[in-house]
Amino acid sequence: MNTQTETSEAQGAASGSSFYAAMRIMPREQRDAMFQIYSFCRQVDDIADSHEARDLRLSQMQQWREDIEALYAGNPPPRVRDYVEPIKRFGMRKEDYLAVIDGMEMDIPADIRAPDEATFDLYCDRVASAVGRLSVKVFGMPDEDGVLLAHHLGRALQITNILRDIDEDATLGRLYLPRELLYHAGITSSDPQVVIKETALPKVAAPLVRRAQEHFKESDKIMARNKRRSVRAPRIMSKYYHAILELLVKRGFALPRDPVRLGKASKIAILLRYAII
């Protein structure tokens, strides 16, 4: 498969995602690099979420690690050959690709259920902030502010995802809410199907909402001091997800919880406001 075909397929896979519009506004070389990052994340996430045997999924993740190691050693296997030019151009780090794999793998030996705070933060760093560290290289941000933005915006987006997907994750046997927050609210169970019916669940969600809001606030500060063109895409992503968080707060976390989605009109409004320099 050639690079052009792979890029086209990555765009097709991304077209239904919240990040698609943000990626589409970028210059071609940056856009193609972002679609490559998205495609990589999608592939390892699909392994983590598949219904195949856990041993097989662990083996598939290990193969991805070996492929990334070979890529950076100068001998890329076929499925990562199209990574060579973007990495050469933008300087994405091997450690961040490996961190994403490690994060996706955390659900494979056993589904995550009520992790302690340290594990919760590690998970957010690997599956979200590590993706951000890859992405800020493509955006062209200075290293220090790029890493800081990846830290704060990655966690803001992932915490918002976790709050949005509480019920959906429970159907998969997963519960990402931190154990300490559950205990503080008087919830001692780690069974997802039990926890989602608890009347005290809003008490668990509230500090996570505040945490996400603080990360969004810090992200805004970082983006405000950087060139507008280099932060257009992350700003759009931030505004999309901040709007989702606000919808979640407005809906609340008590039963019944209707699914929350950002409407097309709201997405277009954000795009029109922040995509134009």
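In the block above lies the structure referred to throughout.
This structure is a prediction, so every number in the text was calculated from the model and none was measured.

Enquirer: Could you give me a rundown of unusual backbone geometry, with the residues and numbers involved?
Expert: Each neighbour pair has its own omega, and for Leu255 with Pro256 the value is -5 degrees, a cis peptide bond. Structurally, the position occupied by Pro256 is in the loop between helix H13 (232-251) and helix H14 (264-274). The backbone of Ala114 sits at a positive phi, close to 50 degrees, despite the residue not being glycine. Positionally, Ala114 belongs in the loop between helix H6 (94-105) and helix H7 (117-139). Residue class for Ala114 comes out buried when judged on its relative accessible area of 4%.

Enquirer: Describe the packing of helix H3 (residues 28-49) against H7, listing the residues and the values that go with them.
Expert: In contact at an axis separation of 9 Å, H3 and H7 are set at 170 degrees when each is read in the N-to-C sense. One way to sum up the angle between H3 and H7 is to call them roughly antiparallel. Here Gln30, Ala33, Met34, Ile37 and Cys41 of H3 lie close against H7, whose contacting residues are Val131, Leu134, Ser135, Val138 and Phe139. Along the lines of polarity and charge, the residues of the contact of H3 with H7 split into 8 nonpolar, 2 polar and no charged.

Enquirer: Describe the pattern of salt bridges, and please don't skip the residues or the numbers.
Expert: Per the stated rule, a full pass over the model turns up 24 salt bridges. A salt bridge links Arg174 to Asp107, with the nearest nitrogen and oxygen atoms 3.6 Å apart. Note that Arg174 is positioned in the loop between helix H9 (166-171) and helix H10 (179-184) and Asp107 in the loop between H6 and H7, a separation of 67 residues in sequence. Of the charged contacts, one joins Glu214 and Lys217 as a salt bridge, the two residues approaching to 3.5 Å between their closest N and O atoms. With a gap of 3 residues between them, Glu214 and Lys217 both fall in helix H12 (residues 201-224), about one helical turn apart. Its relative accessible area of 41% is what places Glu214 among the partly exposed residues. Residue classification places Lys217 among the partly exposed positions, given a relative accessible area of 44%.

Enquirer: Explain the nonpolar core residue by residue, including any values.
Expert: Residues Ile37, Phe40, Tyr83, Tyr97, Val100, Leu163 and Leu177 are the most contacted members of the largest nonpolar core, which totals 89 residues. For this core, the element with the highest residue contribution is H7, accounting for 11 residues. Beyond its immediate stretch of four places on either side in the chain, Val100 contacts Phe40, Cys41, Val44, Arg126, Ala130, Val131 and Leu134.

Enquirer: Can you explain the state of the cysteines? Please cite residues and give values.
Expert: Enumeration over the complete set of coordinates arrives at 0 disulfides. Of the cysteine sulfurs around Cys41, a residue in no disulfide, the closest is that of Cys124, at 15 Å. Residue classification places Cys124 among the buried residues on the basis of a relative accessible area of 1%.

Enquirer: Go over the packing of H6 against H7, please, and point to the residues and values.
Expert: Put simply, H6 and H7 touch, their axes get as near as 8 Å, and they point 150 degrees apart. With respect to their mutual orientation, H6 and H7 come out roughly antiparallel. The way H6 lies across H7 gives a crossing that is left-handed. Residue-level inspection shows Asp96, Tyr97, Ala99, Val100, Asp102, Gly103 and Met104 of H6 in contact with H7, the latter providing Tyr123, Arg126, Val127, Ala130, Val131, Arg133 and Leu134.

Enquirer: Outline the packing of aromatic side chains, supporting the account with residue identities and numerical values.
Expert: Applying the stated criterion to the full structure yields 6 aromatic pairs. Residues Tyr72 and Tyr97 carry aromatic rings whose centres are separated by 6.4 Å and whose planes lie at 55 degrees to one another, so their mutual orientation is tilted. Here the residue Tyr72 occupies a position in helix H4 (residues 54-72), and Tyr97 occupies one in helix H6, the gap between them amounting to 25 residues. An aromatic cluster is present here, built from Phe40, Trp64, Tyr72, Tyr83 and Tyr97 joined pairwise through their rings.

Enquirer: Outline the side chain of Arg65, listing residues and values.
Expert: Among the structural elements, Arg65 can be located in helix H4. Overall, Arg65 belongs to the buried group, its relative accessible area being 15%. Beyond its immediate stretch of four places on either side in the chain, Arg65 contacts Leu98, Ile101, Asp102 and Glu105.

What counts and how
- Numbering of residues starts from 1 in every chain and runs along the sequence as written.
- Note on the predicted model: pLDDT of at least 70 is required for a residue's local features to be given, and 80 or more for side-chain atom pairs to be given and counted; whole-chain, interface and lining totals, by contrast, use all residues.
- Working from all heavy atoms in the structure, the side-chain values ignore hydrogens and water.
- Each helix is a run of H or I in the DSSP string that is no shorter than four residues. Each strand is a run of E no shorter than two, and both are numbered from the N terminus.
- The cut-offs for exposure are 20% and 50% of the maximum accessible area for each residue type, with area from a 1.4 Å probe on protein chains only; residues under the lower value are buried, those over the upper are exposed, and the others partly exposed.
- Here, axes are lines fitted to C-alpha atoms. For helices the fit covers the stretch in contact, and angles between N-to-C directions go from 0 to 180 degrees.
- Should an angle fall under 35 degrees it is taken as roughly parallel, and over 145 as roughly antiparallel, whereas 65 to 115 is taken as roughly perpendicular and any remaining angle as oblique.
- Pairs of residues are marked as contacts when any of their non-hydrogen atoms sit within 4.5 Å.
- In this classification, Asp, Glu, Lys and Arg are treated as charged, Ala, Val, Leu, Ile, Met, Phe, Trp, Tyr, Cys and Pro as nonpolar, and every other residue, Gly included, as polar.
- When a carboxyl oxygen of Asp or Glu is within 4 Å of a side-chain nitrogen of Lys or Arg, the pair counts as a salt bridge.
- Here, nonpolar core means buried Ala, Val, Leu, Ile, Met, Phe, Trp, Tyr and Cys residues that are tied together by side-chain atoms lying within 4.5 Å of each other.
- Cysteine sulfur pairs qualify as disulfides if the two atoms are within 2.5 Å.
- The hand of a helix crossing depends on one turn: near helix anticlockwise from the far one by less than a right angle means left-handed, and clockwise means right-handed.
- Here a pair means two rings of Phe, Tyr or Trp (six-membered ring of Trp) with centres within 6.5 Å. Their orientation is stacked below 30 degrees between planes, edge-to-face above 60, and tilted elsewhere.

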